[in-house]
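# Summary of the model geometry
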Amino acid sequence: MGLGPFAVFAFLFLILPTIGLFVGAFQDADGTPTLANIAGLMTPVVANAFRQSLIVSGASAVVGAVCGLAIALALAGPGTPRFLREALLTLSGVASNFAGVPLAFAFLATIGRLGLVTIILRDVFGIDIYAAGFTVLGTTGLTLTYLYFQLPLMVLLIMPAVEGLKREWREASEMLGATGWQHAWRITAPVLFPSFAGAALLLFANAFGAVATAYALTGSFINLVTILLYAEIRGEVLHDANLGYALAFGMVAITGVCNIVYLRLRAFSARRFR
Amino acid sequence: MSFLTVRGLRKAFGTTIAVQDFSLEAERGEFVSLLGPSGCGKTTVLRMIAGFETPSAGSVTIDGEDVTHLPTRTRRIGMVFQSYALFPNLTVEGNIAFGLKVAGMKREEIAVRVKEMLSLIGLPQLGGRYPVELSGGQQQRVALARAIAIRPRILLLDEPLSALDAKIRVSLREELRAIQRELGITAIFVTHDQEEALALSHRVVVMSEGWVEQIGTPADVYRTPRTPFVATFVGTANVLPCRIEDAAAGVLSFGGARLEAGHPVSGGAGETVQMALRPEAIAINPFEGASNSLAATVRDVTFLGPVVRLRLMLAGDVAAVVDLHGEGARDLPEAGSAVMLWFRPETLQLLDRHGHGAARA
Amino acid sequence: MKPARIARAVVIAMGASYLLLPLLGVLEFALRMRRGAYSFDAFAAIFEDHRFQDTFLYSTVMALVTVVLGMLIIVPAAYAVRLHAPRLRAAVEFVTLLPLVVPAIVIVFGYVRLYGSDSFLPLTDSDFGADALLAFGYITLALPYIYRSVDAGLGAMDVRTLSEAAESLGARPHTILLRIVLPNIRTAILSGAFLTSAIVLGEFTFASLLDRPAFGPFMQLLGASRAYEPAALSLVAFALTWGLMVLIGAFGGRRRGT
């Protein structure tokens, strides 16, 4: 039947490899069960990697979520011409896929030491960001770079919910005496919140698992969980495969929780706000 | 001075004119329906009264106050939408209380009023439910309560029953009528369903293509339609092209037969005018030769329950419809047979030859 | 003008600028290669580079293989779920969502461990094995998008009713699939194919860790050694992605009536 090849494929190339890693996370090199690897996640280097990853992912998720929502609301607004909306949605579609190595180069070329924006800020506005301590290779620079795909992703994720806001609700509010702010606070915000929070969580998980952009931008200069794992797979740093498995397990635990909460929020929204 | 005065209202969207010269004076406590097919402009008129659309010309005055350019928020109107438009994140109580909360009413007073409203619409147990848990009829009742809770000066209803199942539509219609009569709140009701308009209203405004065709009580509009549109849209009508023989005496001819309207008709001798005749006003007459008799051939006979509908062909290939009920529905003629039709003079109505009849209150 | 309108315009302007600025930046940078004047030297340099040609060809072929193989695996599965096994839908959907939960780097780590040199199936030892592993990895990455696209297409064409109608007219299963189902989900398949290509062409993590001569690792390598050429490459990659998205929009996009 049609599901045969699919089942085999899923088992061999999705389920087995992942389960294998998780099992390995709780074993040592001989295969004996142990929690030592999980404990190893608390060591300074690894803990620091988690902290950095959380900061960059969290910051890009929050900023991306808020700004993305603002843009989506502006696009869906009554005065916005159709062509502008379609153009920006297409641009969002492209930008959300423009991650990885090329994105790193683009930001190096824009806010790197010799980047266009850096130079303009210095020569035209007299602001030298590098003298002030900024570097595109740091957490702020990386967050700004991540924002390039986080923001459009948020726009695409939240657009259905924004489009689902009925014009009649606003008219009913007006009829009942509410101002625009009152309507936004009492109706729009509560209705959008589950979708907003869910999308923000997806953004967070998305950033947490990203490696190509960071690697192309900073090499191993910045300590992220994904960079650490990358180096470990190449045999460069930890030389402890089981610790690597624990790292992978930790990552999936975090992204897994994000997705579970996202699904619950989506179910709530579908149930209540149909 | 009427409670609601709408004068010369006009709305153009680009080059399309949706509403042409709409005027209406409604008394306090009156229930007025705007009746017409889709696209006739009735919803646009309602939305201009509500303040959701700005008129291209004309004025709206409520209780002496010119509200034409005021924002909806300050007009003190209540509106019920076809799609209910209940706030999904608030419970039934939350929805009903919304306007009161926004106005800054005290919590205890709000609770009292909400309770009052829930019992008015007959849903005292459902206060804690969310809209998604309610049926269509229940949601619309809540929407009504929400609109009335704020004690609006005028209640505007935009096809509120159209989205509901047939049976619910009828029962909710009766409830709506009872509530409106009990509270004495002025109501403007938009619908394309003539039965609703006739059952609910004190007066009906029949509209077509942006124009007012006729304003009158349900009986007026049904028994004395003024234009061909009104005659055929409200109920069924036979429209006969007749020749005026004697205008002052109200004598006309159709296909050689002599017809008496029983009242003078306007127009010159020899002019062709349109006369309307309701299907239920016609009887099958065994006597020949009397005036107001028309020869016809039966095309088919359909049994509809309370009524038997005959389709017939008159002289000059003019089709006609006759509804027989009660004992008149026995001894039915067969398809293909020739019969004589008879009607009383006063049931023959003269229709305006141009479309939009003068809109008299 | 109403304040809400101004606010909306400002937000859109800022958003659009933020998305366009880096493109401007990288374009300006790429044109700087020749000292003193703007030129297309950087672009010329990469197009003439045989490593660019080789790796781009490799990734293009890999994209094609991924699309074809992926469709062969996923389309029958999506069809089977709709028609014969609706109860398995939740399980299948769960599987198709896994690649969105488990990061690519974790998946490829699993591959390296399971199919590496000292495992029961050492695929990484041979070139062909490693290429196959990469292809399956790409199918895994593209799985959510292909499945969602094809499933939506099957839903839009009401595949159940049409299949039953065809069956009642005497058609056999493979005829139904080939002559009724496939033509009607053509746009869904194309849409999925273009999205997959966009994913595969620039992909770095899998290709790099499986040590394959793909376009992604080439770009990263170039970035470590050259200054201006990577910028030009970045623009080429962006133009490609944009082109594919436009194709998706032209074919997929909003559903039209069947």
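What chain C contains, in helices and strands, is 12 helices and 0 strands. Going from N to C terminus, chain C has its helices and strands arranged as α-α-α-α-α-α-α-α-α-α-α-α. Its C-alpha atoms give chain C principal-axis dimensions of roughly 75 × 70 × 30 Å. Buried residues in chain C amount to 46% of all 258 residues. A separation threshold of at least 6 residues defines the contact pool for chain C, and within that pool the share at least 24 residues apart is 74%.

With that settled, consider the packing of helix 3 (residues 107–120) of chain B against helix 4 (residues 136–149) of chain B. Residue and element names in this part refer to chain B. Helix 4 packs onto helix 3 with a crossing angle of 140° between their chain directions and a minimal axis gap of 10 Å. Comparing the axis directions of helix 3 and helix 4 gives the class oblique. As for the relative orientation of helix 3 and helix 4, their crossing is right-handed in sense. Here helix 3 contributes Arg113, Met117, Leu118 and Leu120 to the contact with helix 4, which in turn contributes Ala145, Ile148 and Ala149. A per-class count over the contact of helix 3 with helix 4 returns 6 nonpolar, no polar and 1 charged.

The interface is formed by 17 residues belonging to chain A together with 20 residues belonging to chain B. Looking at the side of chain A that touches chain B, the element that brings in the most residues is helix 8 (residues 167–175) of chain A, giving 6 residues.

With that settled, consider the interface of chain C and chain A. With 59 residues of chain C at the contact, the number on the chain A side is 58 residues. For the side of chain C that touches chain A, the element with the highest residue contribution is helix 1 (residues 3–30) of chain C, accounting for 16 residues. Split by residue class, the side of chain C that touches chain A holds 42 nonpolar, 13 polar and 4 charged.

With 13 residues, helix 4 (residues 89–101) of chain C should cover 18 Å at 1.5 Å per step; its first-to-last C-alpha distance of 18 Å lies within 8% of that length. Residues of helix 4 of chain C that are buried include every one of Val92, Val95, Thr96, Leu98, Pro99 and Val101 of chain C, and no others. Its buried side turned inward, helix 4 of chain C meets helix 1 (3–25) and helix 12 (241–272) of chain A together with helix 3 (50–83) and helix 6 (127–156) of chain C.

Attention now moves to the pairing of strand 4 (residues 57–62) of chain B. All names here are of chain B. One ladder, built from 5 bridges, connects strand 1 (residues 4–13) with strand 4; its direction is antiparallel. Looking across to strand 4, one finds that arginine 10 is bridged to alanine 57. Hairpin connection from strand 4 to strand 5 (residues 65–66): 2 residues lie between these consecutive antiparallel strands, with aspartate 63 at a positive phi of about 50°.

Residue and element names in this part refer to chain B. Strand order in this open sheet of 5 strands is 13-12-11-14-20, and the pairing throughout is antiparallel. Pairing within the sheet leaves two strands with one partner each, and these edge strands are strand 13 (257–260) and strand 20 (349–351). The sheet shows a mean angle of 50° between the axes of neighbouring strands, direction not considered. Relative to strand 12 (residues 251–254), strand 11 (residues 238–246) is paired through 3 bridges, and the arrangement is antiparallel. The partner of aspartate 246 across the bridge, within strand 12, is valine 251.

Next up on the list: the arrangement of the chains. Most contacts, compared over the 2 pairs of chains touching, are made between chains A and C. Contact between chain B and chain C is absent, and the minimum C-alpha spacing across the pair is 14 Å.

This part is about the nonpolar core. Residues and elements named next belong to chain A. Ile158 and Ala248 are the most contacted members of the largest nonpolar core, which totals 275 residues. Per-element accounting of this core gives the leading share, 15 residues, to helix 7 (residues 139–163). Filtering out sequence-adjacent residues up to four positions away, isoleucine 158 remains in contact with Gly68, Leu69, Ala72, Ser195, Phe196 and Ala199.

Let's shift gears to the environment of valine 257 of chain A. Residues and elements named next belong to chain A. As for its placement among the helices and strands, valine 257 is situated in helix 12. The partly exposed category is assigned to valine 257, around which 13 C-beta atoms lie within 10 Å. A C-alpha to C-alpha distance of 20 Å links valine 257 and alanine 39, two positions 218 residues apart in sequence.

How each quantity is defined
- Counting from 1, residues in each chain are numbered in the order their sequence is written.
- Chains and ligands are labelled sequentially in the order written, the chains with letters from A and the ligands with numbers from 1.
- For this predicted model, a pLDDT threshold of at least 70 governs which residues receive local features, and a threshold of 80 or more governs which side-chain atom pairs are given and counted, while totals over whole chains, interfaces and linings are taken from all residues.
- Under the scheme used here, helices are H or I runs from DSSP no shorter than 4 residues and strands are E runs no shorter than 2 residues, and both carry numbers assigned from the N terminus.
- Our exposure labels follow a C-beta count within 10 Å of each residue's own C-beta, placed from the backbone: buried means 20 or more other C-beta atoms, exposed means 12 or fewer, and partly exposed covers the counts in between.
- Distance between backbone-placed C-beta atoms decides contact: two residues are in contact if it is within 7 Å.
- All axes are obtained by fitting lines to C-alpha atoms, using only the stretch in contact for helices, and the reported angles, taken between N-to-C directions, cover 0 to 180 degrees.
- Oblique is the label for any angle not covered by the other classes, which are roughly parallel (under 35 degrees), roughly antiparallel (over 145) and roughly perpendicular (65 to 115).
- Handedness of a helix crossing follows the sense of rotation of the near helix relative to the far helix, less than a right angle counterclockwise being left-handed and clockwise being right-handed.
- Following the grouping adopted for this structure description, the nonpolar residues are Ala, Val, Leu, Ile, Met, Phe, Trp, Tyr, Cys and Pro, the charged ones are Asp, Glu, Lys and Arg, and the polar ones are all others, Gly among them.
- Here the expected length of a helix is defined as 1.5 Å per residue gap, with one fewer gap than residues.
- If DSSP finds at least two bridges between two strands, the strands pair.
- Any nonpolar core is a set of buried residues, restricted to Ala, Val, Leu, Ile, Met, Phe, Trp, Tyr and Cys, that join up through C-beta atoms within 7 Å.

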